[in-house]
Amino acid sequence: MSIPAVKELEVLDSVPTGLLINGQWRPATSGKTFDVEDPATGKVLMSISDATAEDGKAALNAAAAAQESWAKVPPRERGEILRRAFDLVTERAEDFALLMTMEMGKPLAEARGEVIYAAEFLRWFSEEAVRTFGRYSVSPDGKSRLLVTKKPVGPCLLITPWNFPLAMATRKIAPAVAAGCTMILKPAKLTPLTSQLFAAVMQEAGLPAGVLNVIASTSAGATTGPLIKDPRLRKLSFTGSTEVGRRLLADASENVLRTSMELGGNAPFVVFEDADLDAAVTGAMLAKLRNMGEACTAANRFIVHESVAEEFAQKFATKMKDMTTARGTEPESKIGPLIDATSREKVHELVTDAVAAGAKAVVGGSAVDGPGYFYQPTILTGVNEGTRILSEEIFGPVAPIITFTTEEDAVRLANNSEYGLVAYVFTRDLNRGIRMGERLETGMLGLNAGVISNAAAPFGGVKQSGLGREGGLEGIEEYLYTQYIGIADPHAG
């Protein structure tokens, strides 16, 4: 059953339209707003305030002013705020899912899954808030005592992408809250509404004024650039493209900011000759089509043993043909639209280039007519090494297949990328799976699994895929610094 229009309007009416600064929702100082569109229809959903550099400074003023008092709040109290937020997000799961579907395009079933995933960061870090342990020891020479403590790094700038509007917000905000840091959140201009609603929920959960400030803006550089240069800012966390991440790292170097960078990916999906092909295809569907392929964890290069490549492609194609493109609120929708026209053009350009170089589209291969930015789920076979589609992040529902002969070939092809976020390997041979884990240049590995993201696990990559980890035991460490206190021998004198 389709979602009634009245329900969509009800959810949109619950979204704050202003900027959240020092606990108050207020218009931008310029008075300007910008439109947020539904990528499935191209229609405007609503307009919200467009922050300026002056608004960004006001947000940092609020965060800096609140930092000292917030850091003194007992860890248990900070954890309880996150737990209440978890309960509230869970209670309003349908509202959050519908809002994400409207502004980002993903099918409602996927959006519901994101709500569950996003909420888990709130629950996980509500528990980690009380576990920022230090240590006390006697120095090796016995002449002093060593006290090591953990302290919040201070005001943080959090910049989130458009593809997972709720999960990327909770994955950054939850550990910052747990650690005792204040924040300025800059959501993506294409999908800011979910962040606006989540910030309101954090207020309802009891987060004090100034701890979380939200400044949606169409001019990210003009708004956040001055903040990165301000010595009061102590931490920058960014999820987005490697190109933008490099520029932010350069800017952050001026004040030697702590940085967390979750950047691009070009995940290899390796299928060995002994793999369970049905399981591999199921994993491929998850790894490729989650979020219409618009994910840094998406499988981008399908590296399949030559002896099973044809069978794998046939089974994969059969599944792909059943994936219906439609607005995410429609019951038949299995593939939503891409985020905008530019993204769709980039995907088609990569497909066209691969076909011109000798590849064959066995399924799909073109845009879908009509309103919205839909692209057909696509499988390309006969892809040649050196083709652009194997080196560039696709960010669309396109699966290029290239074959290999030996394990050495598979490793070489998989590592032939500037990225190293995640890889997927399907094999029945556990020893081979372990060898691949040791040899692949990747921060994460899915072994016979097409989805591995988990709030309790460290998410992050190597090479050009970024710095730092989000989630897991490691996630809160990104928002803490280590202080050592040397204590004179209490037995001396």
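Details of the structure are given in the entry above.
It should be emphasised that the depicted structure is a prediction, and the values quoted were computed from it without experimental measurement.

Asker: An account of the layout of surface pockets is needed here, citing residue identities and associated values.
Answerer: When its volume is computed, the second largest pocket comes out at roughly 380 Å³. What lines the second largest pocket is a set of 18 residues, and nearest its centre among them are E110, M285, L286, L289 and R290. Those elements that place two or more of their residues in the lining of the second largest pocket are α5 (108-128) and α10 (277-289). The leading source of residues in the lining of the second largest pocket is α10, at 4 residues. Residues that form the lining of the second largest pocket fall into these classes: 7 nonpolar, 4 polar and 7 charged.

Asker: Break down the packing of helix α14 (residues 407-415) against helix α15 (residues 430-439) for me, with residues and values.
Answerer: Viewed as axis vectors pointing N to C, α14 and α15 meet at an angle of 35°, and their least axial separation amounts to 11 Å. α15 is crossed by α14, and the crossing has right-handed handedness. On α15, the residues touching E407, E408, V411 and N415 of α14 are R432, R435, M436 and R439.

Asker: So what about the environment of R432? Which residues, and what values?
Answerer: With respect to the helices and strands, the residue R432 is situated in helix α15. Along the backbone, R432 and V462 are 30 residues apart, and their C-alpha atoms lie at a distance of 22 Å. Those residues in contact with R432, other than ones at most four positions away along the chain, are F272, E273, D274, E407 and T427. Only 3.4 Å separates the side chain of R432 from the side chain of E407, close enough to count as a polar contact.

Asker: Quick one: what's the story with a nonpolar patch on the surface, residue by residue and with numbers?
Answerer: A cluster of nonpolar side chains, Y136, I485 and I487, forms an exposed patch at the surface whose accessible area comes to about 270 Å². Inspection of the secondary structure assignment puts I487 in strand β22 (residues 480-488). For I487, a relative accessible area of 33% translates into the label partly exposed.

Asker: Give me the lowdown on helix α2 (residues 53-72), citing residues and values where you can.
Answerer: Under the 1.5 Å per step criterion, the end-to-end length of α2 is 30 Å for 20 residues, consistent within 8% with the ideal 28 Å. When the local axis directions of α2 are compared, the greatest deviation, roughly 40°, occurs at A66. Buried within α2 we find D55, G56, A58, A59, L60, A62, A63, A66, Q67 and W70.

Asker: An account of empty space enclosed by the protein is needed here, citing residue identities and associated values.
Answerer: Under the definition given, this model contains 3 cavities of 30 Å³ or more. Within this model, the largest cavity holds a volume of roughly 70 Å³. Taken together, 15 residues make up the lining of the largest cavity; nearest its centre are P268, Y419, G420, V422 and E441. Where the lining of the largest cavity is concerned, the elements lending two or more residues are β12 (267-271), α14, β17 (419-420) and β18 (422-426). Class assignment for the residues of the lining of the largest cavity results in 8 nonpolar, 5 polar and 2 charged.

Reading guide: rules and limits
Residues numbered from 1 in each chain as written. Predicted model: local features only at pLDDT ≥ 70, side-chain atom pairs only at ≥ 80, totals over all residues. Heavy atoms only, no water. 1 Å grid on protein atoms, 1.4 Å probe; cavity = no way out; pocket = protein on both sides within 12 Å on 5 of 7 lines; lining within 4 Å. Points joined across faces, edges and corners; volume = space filled by probe spheres on them. Helix = DSSP H or I, 4+ residues; strand = E, 2+ residues; numbered from the N terminus. Nonpolar A, V, L, I, M, F, W, Y, C, P; charged D, E, K, R; others polar. Axes fitted to C-alpha atoms, helices over the stretch in contact; angles between N-to-C directions. Left-handed = near helix turned anticlockwise from the far one by under 90°. Contact = heavy atoms within 4.5 Å. Polar contact = N/O pair within 3.5 Å; in protein donor to acceptor, adjacent residues only side chain to side chain. Patch = residues over 30% accessible without salt bridge, like charges linked within 9 Å, V, L, I, M, F, W, Y side chains within 5 Å. Areas by Shrake-Rupley, 256 points an atom, 1.4 Å probe, with all protein chains shown as cover. Salt bridge = Lys/Arg side-chain N within 4 Å of Asp/Glu carboxyl O. Buried < 20%, exposed > 50% of the residue type's maximum accessible area, 1.4 Å probe, protein only. Expected span 1.5 Å × (residues − 1). Bend = angle between axes of the 7 residues up to and from the residue.

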